[in-house]
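An overview of the molecular structure
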Amino acid sequence: MQQPIAILDSGVGGLTVVKEVMRQLPREKIIYFGDTARTPYGPRTPEEVTRFTREIVDYLIQFHPKMIVIACNTATAVALADIRSRVAIPVVGVINPGARAAVGRTKTGCVGVIGTEGTIKSGAYEQALRELSPHVQVVSEACPKFVPLVEQGNFRSIETYDVVRDSISHMRTYPIDTLILGCTHYPFLTDTISEVMGGEVNLISSADETAREISTILQDKRKLARNDQVPVHQFFCSGDPGMFKLIAQQWLGEQIELTPVVWQIPNIV
């Protein structure tokens with residue numbers, strides 16, 4: 001049996017990583033867990049986020065994955081080291097790949113970061129960016145209203161534009177030329193964020209870079225899927241399966257038309 005890549009998130013945000021993995025590594029089987037019943041993770045304590053992440057990992061381990069991807073910036077910031085200490089397979093987060101991409105793109109040396117309260121409070125992006133480029137200027141902003149919009153499927157509306165404008169328009173007073181979308185939910189709002197920030201600002205989604213890192217690690221460990229068998233992906237969500245499936249089908253589009261998908265409800269919460 002082909003060993004899957006397990007990808008977890010606080011909700012639908014990690015589907016941005018799933019889409020890139022499906023595109024870059026079409027032979028790989030994916031097991032996805034979206035904790036939609038307990039989203040958002042951003043306002044929660046580090047202890048809660050760590051506990052939730054452990055519970056999901058413990059659940060996913062039964063499928064014998066060859067890698068775990070924490071496709072949630074908040075969980076990456078507070079629980080990555082903990083999870084790595086608990087399992088014997090590679091565990092990948094989304095913060096370092098996003099930071100690397102931003103450092104490679106910025107010309108002004110001023111990088112913006114938007115994320116959940118938990119991610120911004122942790123300082124994880126600022127630390128990752130400064131390790132890569134000590135003189136980079138980092139402007140961070142927590143955007144707690146973004147995740148609920150995405151979880152409701154409200155990607156483009158007057159309400160969405162107003163929320164995004166009120167949350168980040170002040171960041172335009174800085175010489176930011178690169179903005180890290182420091183939550184995997186935020187790429188769903190790319191058009192609106194770009195409209196508010198201006199087309200000259202590069203938006204960095206860590207999904208693409210994370211998928212590259214996954215590919216590099218699996219290749220190094222000789223774990224890439226090498227057969228031509230079409231993988232059957234499994235998607236789990238802990239909350240409303242109807243909304244989750246609707247958003248997943250809308251976001252993944254042709255990717256899930258190319259490969260079979262099984263939708264399931266876990267017994268974790």
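The shown structure was predicted, so the numbers you read here are calculated from the model rather than taken from an experiment. (Residues numbered from 1 in each chain as written. Predicted model: local features only at pLDDT ≥ 70, side-chain atom pairs only at ≥ 80, totals over all residues. Heavy atoms only, no water.)

Moving on: the domain arrangement of the protein chain. As assigned here, the protein chain comprises domain 1 (5-93 + 208-264) and domain 2 (95-205). At the junction of the two partners, domain 1 supplies 29 residues and domain 2 supplies 24 residues. Between domain 1 and domain 2, the buried area comes to about 1900 Å², and carbon and sulfur atoms account for 61% of it. Together, Asn 73, Glu 209 and Ile 247 form the three largest contributors to the area buried by domain 1 at its contact with domain 2, with a combined 26%. Along the contact surface separating domain 1 from domain 2 lie one salt bridge. Ionic pairing is found between Glu 213 and Arg 100, a salt bridge with its closest N-O pair at 2.3 Å. Our count for the contact surface shared by domain 1 and domain 2 stands at eleven residue pairs in polar contact (both at pLDDT 80 or more). Every element with two or more residues in the side of domain 1 that touches domain 2 is listed here: α1 (15-24), α3 (73-86), α10 (206-220) and α11 (241-252). Its residues assigned to classes, the side of domain 1 that touches domain 2 shows eleven nonpolar, 14 polar and four charged. (Domains from an automatic or database assignment. Contact = heavy atoms within 4.5 Å. Buried area = accessible area lost by both parts, 1.4 Å probe. Salt bridge = Lys/Arg side-chain N within 4 Å of Asp/Glu carboxyl O. Polar contact = N/O pair within 3.5 Å; in protein donor to acceptor, adjacent residues only side chain to side chain. Helix = DSSP H or I, 4+ residues; strand = E, 2+ residues; numbered from the N terminus. Nonpolar A, V, L, I, M, F, W, Y, C, P; charged D, E, K, R; others polar.)

With that settled, the discussion passes to the packing of aromatic side chains. One pass over the structure, following the stated rule, counts twelve aromatic pairs. Ring geometry for Tyr 59 against Phe 63: centres 6.1 Å apart, planes inclined by 65°, an arrangement best described as edge-to-face. By relative accessible area, Tyr 59 is classed as buried at 14%. Given a relative accessible area of 22%, Phe 63 falls into the partly exposed group. Relative to Phe 188, the ring of Phe 155 has its centre 5.1 Å away and its plane inclined at 35°; by these criteria the two rings are tilted. With Phe 155 in the loop between α7 (146-151) and α8 (158-168) and Phe 188 in the loop between β7 (178-182) and α9 (190-197), this residue pair connects regions lying 33 residues apart in the sequence. Phe 155 sits in the buried class, given a relative accessible area of 11%. (Phe/Tyr/Trp six-rings, centres within 6.5 Å; stacked < 30°, edge-to-face > 60°. Buried < 20%, exposed > 50% of the residue type's maximum accessible area, 1.4 Å probe, protein only.)

Okay, the sheet that holds strand β5 (residues 110-115) next. Taken together, four strands build an open sheet; the order of strands is β6-β5-β7-β8 and the sheet is parallel. With partners counted over all chains shown, the strands left at the sheet margins are β6 (137-142) and β8 (202-205), one partner each. Adjacent strand axes in the sheet meet at a mean angle of 25° when their direction is disregarded. (Pairing = 2+ DSSP bridges. Axes fitted to C-alpha atoms, helices over the stretch in contact; angles between N-to-C directions.)

A separate point is the UniProt feature "binding site: substrate" (unreviewed entry) in the protein chain. Within this structure's numbering, the places UniProt gives as "binding site: substrate" (unreviewed entry) are Asp 9, Ser 10, Tyr 41, Gly 42, Asn 73, Thr 74, Thr 184 and His 185. For this annotated set, covering 177 residues, all C-alpha atoms fall within 12.0 Å of each other, a compact arrangement in space. In this structure, Thr 74 sits in helix α3. Look past the residues within four positions of Thr 74 in its chain and what remains in contact with it is Tyr 41, Gly 42, Val 49, Thr 116, Gly 118 and Thr 119. Considering the arrangement of structural elements, one finds Thr 184 in the loop between β7 and α9. With a relative accessible area of 3%, Thr 184 lands in the buried category. When residues no more than four places from it in sequence are discounted, the contact partners of Thr 184 are Asp 9, Gly 13, Gly 14, Thr 16, Val 17, Ala 71, Cys 72, Asn 73, Val 94 and Ser 206. (UniProt positions renumbered as here; feature names shortened; annotations may be inferred.)

This part is about unusual backbone geometry. Cis peptide bonds are those with omega within 30 degrees of zero, and the linkage from Thr 39 to Pro 40 qualifies with 0°. Here Pro 40 is to be found in the loop between β2 (30-34) and α2 (46-60). For His 64, which is not glycine, the phi dihedral falls at a positive 55°. Within the secondary structure, His 64 sits in the loop between α2 and β3 (67-70). At Arg 222, a position not held by glycine, the phi torsion is positive, near 55°. Checked against the element boundaries, Arg 222 lands in the loop between α10 and β9 (233-237). Look at Arg 222 and you get exposed, because its relative accessible area is 72%.

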